Amino acid sequence: MKMSWFNGLAYSMVLFLLPVCETKAQQRIDAAIEKKVDALLKQMSLEEKVGQMAQVSIESLGATNNNVFSFSDKMKDAVVNYKIGSILNTPGLQTAADWNRIIAEIQEAAKQTKLKIPVLYGLDDIHGVNYVGGSTLFPQQIGQAATWNRKLVHTCGEITAYESRAAGVPWTFSPVLDLGTNPLWPRMWEGYGEDPYLISELGNQFINAVQQPLGHKEKLIVSLKHYMAYSDPKSGKDRSDAWIPEHYLREYHLPPFTKAIQANARNVMVNSALINGIPTHINKHILTDILKKELNFTGFIVTDWQDIENVYRRDKMTNSIKEAIGLAINAGIDMSMIPYDYKSFCTDLIALVKEGVVPQTRIDDAVRRILRVKHEAGIFETPVTWLKDYPKFGSAEFEQAAYNTAAESITLLKNNNNTLPLKANAKVLVTGPNANSMRTLNGGWTYSWQGEKTDEYAAKYNTILEALQKKLGAANVVYEQGVAYKMKGQYFEDSIVNIEAAVQAAANADYVLLCIGENSYTETPGNTNDLSLSANQTALANALIKTGKPVIYILNEGRPRIISQIEPGTAAIVDIYLPGNFGADALADVLTGTVNPSGKLPITYPRYANDLAGYIHKPSEGSGNPQGGATAPQYPFGFGLSYTSFAYSELTIDKSSYDPAAVATITIKVTNTGSKTGKEVVQLFVSDLVASLTPDVKRLRAFEKVELQAGESQTIKFHLVLKDLAFTGVDLKKHLEAGTFTIEVGNLKQSFTITKTLIF
């Protein structure tokens, strides 16, 4: 088949998605920078322009010996001869000083080119600067979301940016804005949960903290991942097809990206999979019509790992990689994460331009966007930043921030008869495969891609066992592993060590702390066919329940594993997600009552493996449909207990009816009715009772986290922009229809009406 046929195919496949109707984000462009970009573009040859569009992985440019990475001649070939615009990835864990040396060598090579355009380096700073030795590692994004605390997420972003610049790296492949709608998906823990509003709010905190003002020596370019709907595959497996109509894409998956573009995010990374059978990397409607034109995105788009090649190899859409390159660049891709064969990419793209398949204007647009962001980031003036100028790197101050985030993320899901906090001088048995592992506390993207080296590199931090030994005294803590992960095997492999030994040890304990969940993984290696907790861990739990001692589950997992078979026998359940290097210290403080838990689930925790509906669902999917099937989660979205109690009262709305362009003011009084100081997340849900497109049962529209002393009350005020309640219709327009709406805060409800319909 001819290339022109494939170009036509790509366009015809996506045209059915038109028209578009979102409000433009109005991203900022600096006129002075545009002049500099214009001047550079006029001097650049086609070969120089195409080089800027290529991104290569560092391990293809050298080798590591005795933990020291050295470049081969390939680095100069890539940078000097092929004018490569970007390099990414890690050659193995490096110190900040190592990274300074590596980045400096790259930029020195770039100075040997005619135009001396600096190379843009990027790293996956997923929960802190996780590929830099000695950096501060936070809870993974799912744990950050469980804090429901905007300030903590903002602080995480500030520290991540600071420590990345200490290493000399100006670009981070984060945050993840994918909706955690499918618990099977192996990257669920990399995002901020399942709700578009929660993701938007926390994502923007991170973006503003990391990037604003871009060009400052402590700020980075962010990369929004993974645009869009990557997280909702029909099969639940990584990098597989999603079946989603466009009005659903716009209603649920697009809003976090829209808000992030409005926050002036400068880079977007593309969904590695397919939407409705079309690889996202060749979907011109998604990349150009919506992102660049409708949302007015003025930064640049980068592919994910080898994903242009996947159009050919995996998706069978072309007869060659060259044809796939043509489709992707014409669809709107600006930079290709190749990541190895930069020569073929550059050669093929140059040929495509000369053959007239890829217009010169498309090349110029892509390179303009890349150069624009390089200028905005200040790397022309300061191509390398140095550790010596960042004295807070790995500081106690930063470590305290990581601890604070972990402490507020921990979510108490069950606490029968006030089992927790532990009584003073208690004797405890600590058991389970997650009890003595730094790897499981951190998850993937920790020192290495799959996190398998974490126990080696994070040995100075405390595992759950070690933290409890220090908190309770070694004499009060007994350890029997019971079940162990096969650390050299696949993440889901575990084996029984000695369950009977754990049962015997329980006889002399006041409490049994059973640490269960998952080993580390990410992406395709983390695929699962069954969300159920492993058979071996279930057997350990059942054996310990039979002892009659109060068993407390510590859930250490990236996605919810089904525990319904063993839940009735436990006295308490604590979900710690993937809390990072200080997670065990925070857990010990929660278990002993030093910290009052305040985390809330940012996801729905399912009860059954075949009942995975999220909290956002239609009436037909709920208990209100006698002919359908009610969903029955183990724990609902937004749920979390405390060691104190809170009461809601005096829910008021300033009016009973509104024009659709109005702003409603809603107030609620929250009182700490218990005996301990505690933090509560006040969540405002809104229900549209009748609509021309069947409405969701309810949607989160506002939240605020407050700290109250025992007996203290506080009145919270929310300002609800009513246009935000509009839904996306099948016509792809926003509809706010006249009728009745219900607001829900805690156990209280009120109603109001909108007097007329607004379509925009």
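For the structure, check the block above.
Residues numbered from 1 in each chain as written. Predicted model: local features only at pLDDT ≥ 70, side-chain atom pairs only at ≥ 80, totals over all residues. Heavy atoms only, no water.

A word on the overall build of the protein chain
Piece 1. What the protein chain contains, in helices and strands, is 22 helices and 34 strands.
Piece 2. The C-alpha radius of gyration computed for the protein chain amounts to 26 Å, which stays within 12% of the reference 27 Å derived for 760 residues, consistent with globular compactness.
Piece 3. Oriented by its inertia axes, the alpha-carbon framework of the protein chain measures out at about 75 × 70 × 45 Å.
Piece 4. For the protein chain, buried positions account for 62% of its 760 residues.
Piece 5. Accessible surface for the protein chain amounts to roughly 26,600 Å². Of this, 51% is attributable to carbon and sulfur atoms.
Piece 6. In the protein chain, the 74 positive side-chain charges and the 78 negative ones have mean positions that sit 3 Å from each other. (Helix = DSSP H or I, 4+ residues; strand = E, 2+ residues; numbered from the N terminus. Rg over C-alpha atoms; globule rule 2.2 N^0.38 Å. Buried < 20%, exposed > 50% of the residue type's maximum accessible area, 1.4 Å probe, protein only. Areas by Shrake-Rupley, 256 points an atom, 1.4 Å probe, with all protein chains shown as cover. Lys, Arg positive; Asp, Glu negative; His and termini not counted. Charge placed at Lys NZ, Arg CZ, Asp CG, Glu CD.)

Observations concerning helix α9 (residues 246-253)
Piece 1. Judged by how many residues are buried, α9 sits mostly within the fold: 7 of 8 residues are covered.
Piece 2. Inspection of α9 places E246, H247, L249, R250, E251, Y252 and H253 among the buried residues, and these make up the whole buried set.

Concerning the sheet that holds strand β13 (residues 278-279)
Piece 1. The mixed open sheet is built from 3 strands, whose spatial order is β10-β12-β13. Where the open sheet ends on each side, the last strands, each with one partner, are β10 (241-242) and β13.
Piece 2. By the bridge criterion, 2 bridges tie strand β12 (residues 274-275) to β13 in an arrangement that is antiparallel. Bridging from a neighbouring strand, L274 pairs with P279 of β13. (Pairing = 2+ DSSP bridges.)

Brief notes about the packing of aromatic side chains
Piece 1. The final tally for this structure, using the stated rule, is 26 aromatic pairs.
Piece 2. For the pair W171 and F173, a centre-to-centre distance of 4.8 Å together with 65° between the ring planes defines the contact as edge-to-face.
Piece 3. Considering the side-chain rings of Y658 and F752, the 5.6 Å spacing of their centres and the 90° angle between planes classify their relative orientation as edge-to-face. Here F752 lies in strand β33 (residues 748-754) and Y658 lies in strand β25 (residues 657-658), a separation of 94 residues in the sequence. (Phe/Tyr/Trp six-rings, centres within 6.5 Å; stacked < 30°, edge-to-face > 60°.)

Structural notes on the nonpolar core
Piece 1. In terms of nonpolar packing, the biggest core is built from 211 residues, with L224, Y227 and L349 touching the most fellow members.
Piece 2. Among residues more than four places away in sequence, those in contact with Y227 are L254, F257, V268, M269, V270, N271, T280, I286, L287, I290 and L291.
Piece 3. Of all hydrophobic cores here, the second largest spans 27 residues; its members include F646, Y648, I666 and L736. (Core = buried A, V, L, I, M, F, W, Y, C linked by side-chain atoms within 4.5 Å. Contact = heavy atoms within 4.5 Å.)

What about the sheet that holds strand β29 (residues 713-721)?
Within a beta sheet, neighbouring strands are joined by backbone hydrogen bonds and run either parallel or antiparallel to one another.
Piece 1. Here we have 3 strands laid out as an open sheet, ordered β24-β26-β29, and antiparallel in their pairing. A strand with exactly one partner marks an edge of an open sheet, and here the two such strands are β24 (646-653) and β29. Each strand axis lies, on average, 20° off the axis of its neighbour in the sheet, ignoring direction.
Piece 2. Bridge analysis of β24 against strand β26 (residues 663-672) gives 6 bridges, and the strand direction is antiparallel. Each bridged residue has a counterpart across the sheet, and for I653 the counterpart in β26 is I666. (Axes fitted to C-alpha atoms, helices over the stretch in contact; angles between N-to-C directions.)

Let's talk about the layout of surface pockets
Piece 1. The volume enclosed by the largest pocket comes to roughly 940 Å³.
Piece 2. Forming the walls of the largest pocket are 32 residues, and the residues nearest its centre are P255, K259, K723, D724 and K734.
Piece 3. Elements supplying a minimum of two residues to the lining of the largest pocket: α8 (196-211), α9, α10 (255-262), β28 (699-708) and β29.
Piece 4. Ranked by the residues each element gives to the lining of the largest pocket, the list is headed by β28, at 6 residues. (1 Å grid on protein atoms, 1.4 Å probe; cavity = no way out; pocket = protein on both sides within 12 Å on 5 of 7 lines; lining within 4 Å. Points joined across faces, edges and corners; volume = space filled by probe spheres on them.)

Structural notes on unusual backbone geometry
Piece 1. A cis amide bond, omega 10°, links S174 with the succeeding residue P175.
Piece 2. Mapped onto the elements of the fold, P175 is located in the loop between β8 (171-172) and α8.
Piece 3. Of the consecutive residues K225 and H226, the connecting peptide bond is found in the cis state with omega at -10°.
Piece 4. Within the element layout of this structure, H226 appears in strand β9 (residues 221-227).
Piece 5. The phi angle at Y447 is positive, at roughly 70°, despite the residue not being glycine.
Piece 6. The phi torsion at E523 lies on the positive side, around 55°, for a residue other than glycine.
Piece 7. Residue placement: E523 occurs in the loop between β21 (511-517) and α21 (535-545).

A word on the pairing of strand β32 (residues 739-745)
Piece 1. Most of β32 sits out of view: 5 of its 7 residues are buried.
Piece 2. One ladder, built from 5 bridges, connects strand β27 (residues 678-688) with β32; its direction is antiparallel. By the bridge assignment, F685 is partnered in β32 with E744.
Piece 3. Examined bridge by bridge, β32 and β33 share 7 bridges and lie antiparallel to one another. When the bridges of β33 are listed, I743 appears paired with Q750.

Looking at the packing of helix α20 (residues 499-506) against α21
Piece 1. Packing of α20 against α21 brings their axes to within 9 Å, and their N-to-C directions diverge by 30°. Judged on the interaxial angle alone, α21 and α20 are roughly parallel. Considering how the two elements wind past one another, α20 and α21 form a crossing that is right-handed. Residues I499, A502, V503 and A506 of α20 form the contact with α21, whose participating residues are N536, A539, L540, A543 and L544.
Piece 2. Grouping the amino acids of the contact of α20 with α21 by side-chain chemistry returns 8 nonpolar, 1 polar and no charged. (Parallel < 35°, antiparallel > 145°, perpendicular 65-115°, else oblique. Left-handed = near helix turned anticlockwise from the far one by under 90°. Nonpolar A, V, L, I, M, F, W, Y, C, P; charged D, E, K, R; others polar.)

Structural notes on the environment of A31
Piece 1. Turning to its location among the elements, A31 is positioned in helix α2 (residues 31-43).
Piece 2. With relative accessibility at 56%, the residue A31 sits in the exposed group.
Piece 3. Once the C-alpha coordinates of A31 and T644 are considered, the two residues, 613 residues apart in sequence, prove to be 55 Å apart.

Observations concerning empty space enclosed by the protein
Piece 1. By the definition in use, this model includes 8 cavities of 30 Å³ or more.
Piece 2. Within this model, the largest cavity holds a volume of roughly 210 Å³.
Piece 3. If you trace the largest cavity, you find 19 residues lining it, with E251, P695, D696, R701 and F727 closest to the centre.
Piece 4. Mapped onto the lining of the largest cavity, the elements with two or more residues apiece are α9, β27, β28 and β30 (727-728).
Piece 5. With 4 residues, the single largest contributor to the lining of the largest cavity is α9.
Piece 6. Here the residues of the lining of the largest cavity are counted per class, giving 8 nonpolar, 4 polar and 7 charged.
Piece 7. Size it by volume and the second largest cavity reaches roughly 100 Å³.
Piece 8. Around the second largest cavity, the lining comprises 13 residues; the ones closest to its centre are Q52, K83, T113, L115 and I117.

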